[in-house]
Amino acid sequence: MILQWMNTLNNEWLMVFDNADGSPDTVEKFIPPGNKGNVLITSRNPEHKRIVPASNFAEVSVMSKEAAVELLLKSSGLHDDSE
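Now for a description of the structure that goes with this document. (Residues numbered from 1 in each chain as written. Predicted model: local features only at pLDDT ≥ 70, side-chain atom pairs only at ≥ 80, totals over all residues. Heavy atoms only, no water.)

### Concerning the side chain of H48
Item 1. Checked against the element boundaries, H48 lands in the loop between β2 (38-41) and α3 (65-76).
Item 2. At 3.2 Å, the side chain of H48 and the backbone oxygen of G22 are in polar contact.
Item 3. Each residue touching H48, except ones within four places of it in the same chain, is listed here: A20, D21, G22, S23, P24, V27, I41 and S43. (Helix = DSSP H or I, 4+ residues; strand = E, 2+ residues; numbered from the N terminus. Polar contact = N/O pair within 3.5 Å; in protein donor to acceptor, adjacent residues only side chain to side chain. Contact = heavy atoms within 4.5 Å.)

Written as structure tokens, this is what we have:
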């Protein structure tokens, strides 16, 4: 019911699955249909890449807080490359 409601929203939304190290099937059933929002999955389980397009998958290693913020801003399209 909530997943259907999220699909009716006019504004974009962000859903985060942090440390989703279980089965990709578990995460996949909670991803709303449609393309109005964004889903961020962090996991040590490499099988999660099968539920996202290859162009949307990024493998990252340990990084500083500053580097993590930079990556998030760049990935979101909010990064200003002119600096």
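### Section: the layout of surface pockets
Item 1. Empty space within the largest pocket amounts to approximately 1600 Å³.
Item 2. Taken together, 39 residues make up the lining of the largest pocket; nearest its centre are V39, L40, I41, T42 and N56.
Item 3. The set of elements that each furnish at least two residues to the lining of the largest pocket consists of β2 and α3.
Item 4. Class assignment for the residues of the lining of the largest pocket results in 20 nonpolar, 14 polar and five charged. (1 Å grid on protein atoms, 1.4 Å probe; cavity = no way out; pocket = protein on both sides within 12 Å on 5 of 7 lines; lining within 4 Å. Points joined across faces, edges and corners; volume = space filled by probe spheres on them. Nonpolar A, V, L, I, M, F, W, Y, C, P; charged D, E, K, R; others polar.)

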